[in-house]
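# Chains, contacts and geometry: an overview
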Amino acid sequence: MECFGNRTYNSQSDLLAELLAGKRTLKAPDPELYRRVLANWDSVAKPLDGLGRFERITAQIGAILGTDDIDISRKAVLILCADNGIVAEGISQSGQEVTAAVAEEMGRKLSSVCKMARQVGADTIPVDIGINCGEPIAGVLDKKIRRGTRNFRLEPAMTHEEALGAIQEGMELVADCREQGYRILATGEMGIGNTTTSSAVAAALLGVRAEEVTGRGAGLPDQGLMRKQAVIQEAVDKYGLYQADPLRVLETVGGLDIAGLAGVCIGGAVHRIPIVLDGVISMAAALLAQRLVPGTVQYLIGSHQGREPAVERLTQALGLAPVIHGELALGEGTGAVMMMALLDIALSVYVKRTLFSDIRIQPYERFV
């Protein structure tokens, strides 16, 4: 059972229902601990704010975890894998079989994110939340809601119950990770067609035209990009998504990976564990989570400014400024893992800090 406030929950479903209904609200990260971490940084023998935004991000982490003795050595990447029925409309170079193939590589710890995570001491947890295959995949956690979403050009991608179920699974993943001692989590995903679903969600939530937020994904030519943009705009108009509530947007044009990642974001806020976001799919899920449960964004950390055009608008809407500007477009959580490495480097100065008093130098004074 999970505890939240003064209530006890047998699963995430009751908690999610109350959060969505506004009967419960999220508690903000501890502002006193945020100030304490910043004060600790000011005592380090370096120029004030010398590590820039990393000082504020680590203060956010301390406020979330409830301590100024920050330890994020136990870390993991949650990689939600799912297929998307919209692939039938020719919006991707690859077919759905690629999703299962890459998930198998993740299960064997051989994919790109697995190799990168190993370098920073992070565990990789691939999750089948909607791969279009009938058999379990070795090394991949089976949380399948259904075998891929429906083709949203013809009908809504998922039912209300399926969308809620995927969000709940994401929340459960965070609850389980917290119980296992993880102190920070990164979001990852794998699913052919998910730059289409994330662009559709972004267009609807941001109230913009599809061509403003839809890019080439894994490398579509001009004709394919125009087709992708047209399919998204057609669906947004057909279902009236500019006027729709966030959950209906998800149900109509979203993906099971996006729903699960939204649950991971909400779970981070509920269970007080920082969530490092990856690229456009994670960012779309994050905005969805914030619209569903206000306050979620306070528990999220941006990582990189990817190539997809939706990212800049999503970061503005969330108020999160990515640190890495490397034109990354690999997905899987790779950008978030890079951010974890940078956080480790910054915290090496904080945790083993040399104080002004240690070297008998007068501390800098803060005037602004």
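Our structure is the block above this text.
Not measured: the values here are computed from a predicted model. (Residues numbered from 1 in each chain as written. Predicted model: local features only at pLDDT ≥ 70, side-chain atom pairs only at ≥ 80, totals over all residues. Heavy atoms only, no water.)

The helix and strand tally for the protein chain stands at 14 helices and eight strands. Relative to its length of 368 residues, the protein chain is compact, with a C-alpha radius of gyration of 20 Å against a globular reference of 21 Å. Dimensions along the principal axes, computed over C-alpha positions, put the protein chain at roughly 70 × 50 × 40 Å. Sequence separation of at least 24 residues holds for 74% of the intrachain contacts in the protein chain that already meet a minimum separation of 6. Approximately 15,100 Å² of the protein chain is accessible, and the part contributed by carbon and sulfur atoms is 50%. Distance from the positive charge centre (37 side chains) to the negative charge centre (44 side chains) of the protein chain: 3 Å. (Helix = DSSP H or I, 4+ residues; strand = E, 2+ residues; numbered from the N terminus. Rg over C-alpha atoms; globule rule 2.2 N^0.38 Å. Contact = heavy atoms within 4.5 Å. Areas by Shrake-Rupley, 256 points an atom, 1.4 Å probe, with all protein chains shown as cover. Lys, Arg positive; Asp, Glu negative; His and termini not counted. Charge placed at Lys NZ, Arg CZ, Asp CG, Glu CD.)

To continue, consider the sheet that holds strand E4 (residues 122-130). The strand order across the open sheet built from six strands is E5-E4-E3-E6-E7-E8, with neighbouring strands paired in parallel fashion. Only two strands of the sheet have a single partner each, and these edge strands are strand E5 (141-142) and strand E8 (300-301). (Pairing = 2+ DSSP bridges.)

Of all seven residues making up strand E6 (residues 184-190), seven are buried, and the element is well covered by its neighbours. Neither face of E6 is exposed, since Ile-184, Ala-186, Gly-188 and Met-190 on one face and Leu-185, Thr-187 and Glu-189 on the opposite face are all buried. Inspection of the sheet shows strand E3 (residues 75-82) paired to E6 by seven bridges, in the parallel sense. If you follow Leu-78 over to E6, its bridge partner there is Thr-187. Sheet topology places E6 next to strand E7 (residues 275-276); two bridges connect them, and they run parallel. Residue pairing across strands places Ala-186 opposite Val-276, the latter belonging to E7. (Buried < 20%, exposed > 50% of the residue type's maximum accessible area, 1.4 Å probe, protein only.)

In this section: the pattern of salt bridges. Summed over all chains, the structure comprises 16 salt bridges. Note that Glu-32 is salt-bridged to Arg-35, the shortest N-O span being 3.2 Å. Of the two residues, Glu-32 and Arg-35 both sit in helix H2 (residues 31-42), three residues apart, roughly one turn of that helix. Given a relative accessible area of 38%, Glu-32 falls into the partly exposed group. Here Glu-162 makes a salt bridge to Arg-146, at a shortest N to O gap of 3.5 Å. Taken as a pair, Glu-162 in helix H6 (residues 160-179) and Arg-146 in the loop between E5 and H6 lie far apart in primary sequence, 16 residues in all. Classification of Arg-146 as partly exposed rests on a relative accessible area of 24%. The network of salt bridges with common partners includes Glu-89, Arg-153, Arg-227 and Glu-234. (Salt bridge = Lys/Arg side-chain N within 4 Å of Asp/Glu carboxyl O.)

Although it is not a glycine, Glu-327 sits at a positive phi angle of roughly 55 degrees. The topology assignment puts Glu-327 in the loop between helix H13 (310-318) and helix H14 (334-351). The phi dihedral of Arg-360 is positive, around 55 degrees, even though this residue is not glycine. As for its position among the elements, Arg-360 is in the segment after H14.

Further remarks concern the packing of aromatic side chains. Evaluation of the coordinates by the stated rule reveals two aromatic pairs. Taking the centre distance of 5.2 Å and the plane angle of 50 degrees together, the rings of Trp-41 and Tyr-350 count as tilted. You can see Trp-41 sitting in helix H2 and its partner Tyr-350 sitting in helix H14, a full 309 residues away along the chain. Residue classification places Trp-41 among the buried positions, given a relative accessible area of 0%. Given a relative accessible area of 1%, Tyr-350 falls into the buried group. Ring geometry for Phe-356 versus Tyr-364: centroids 5.7 Å apart, planes at 80 degrees, classification edge-to-face. For the cation-ring pair, Arg-74 lies above Tyr-182, with the distance from its terminal atom to the ring centre recorded as 4.0 Å. Sitting over the ring of Tyr-350, Arg-353 keeps its end group 4.5 Å from the ring centre. (Phe/Tyr/Trp six-rings, centres within 6.5 Å; stacked < 30°, edge-to-face > 60°. Lys NZ or Arg CZ within 6 Å of the ring centre and 35° of its normal.)

It is worth spelling out the pairing of E4 at this point. Across a regular strand the side chains alternate sides, sitting on one face of the sheet and then on the other. Within E4, eight of the nine residues are buried, leaving the element largely enclosed by the surrounding structure. When E3 meets E4, the two strands line up parallel, connected through eight bridges. Along E4, the bridge assignment pairs Lys-75 with Ala-122.

Let us look at helix H11 (residues 256-271). In a regular helix each residue adds 1.5 Å, so 16 residues correspond to 22 Å; H11 covers 22 Å between its end C-alpha atoms and thus fits that length. With 16 of 16 residues buried, H11 lies mostly within the body of the structure. Looking one or two places after H11, you find Arg-272, whose phi comes out positive at around 55 degrees. (Expected span 1.5 Å × (residues − 1).)

One can describe the packing of H6 onto helix H10 (residues 246-253) by two numbers: an axis separation of 9 Å at closest approach and a directional angle of 105 degrees. Between H6 and H10, the angle falls in the class roughly perpendicular. Contact with H6, carried on its side by His-160, Ala-163, Leu-164 and Ile-167, involves Leu-247, Leu-250 and Glu-251 of H10 and no other residues of that element. A class-by-class count of the residues in the contact of H6 with H10 yields five nonpolar, one polar and one charged. (Axes fitted to C-alpha atoms, helices over the stretch in contact; angles between N-to-C directions. Parallel < 35°, antiparallel > 145°, perpendicular 65-115°, else oblique. Nonpolar A, V, L, I, M, F, W, Y, C, P; charged D, E, K, R; others polar.)

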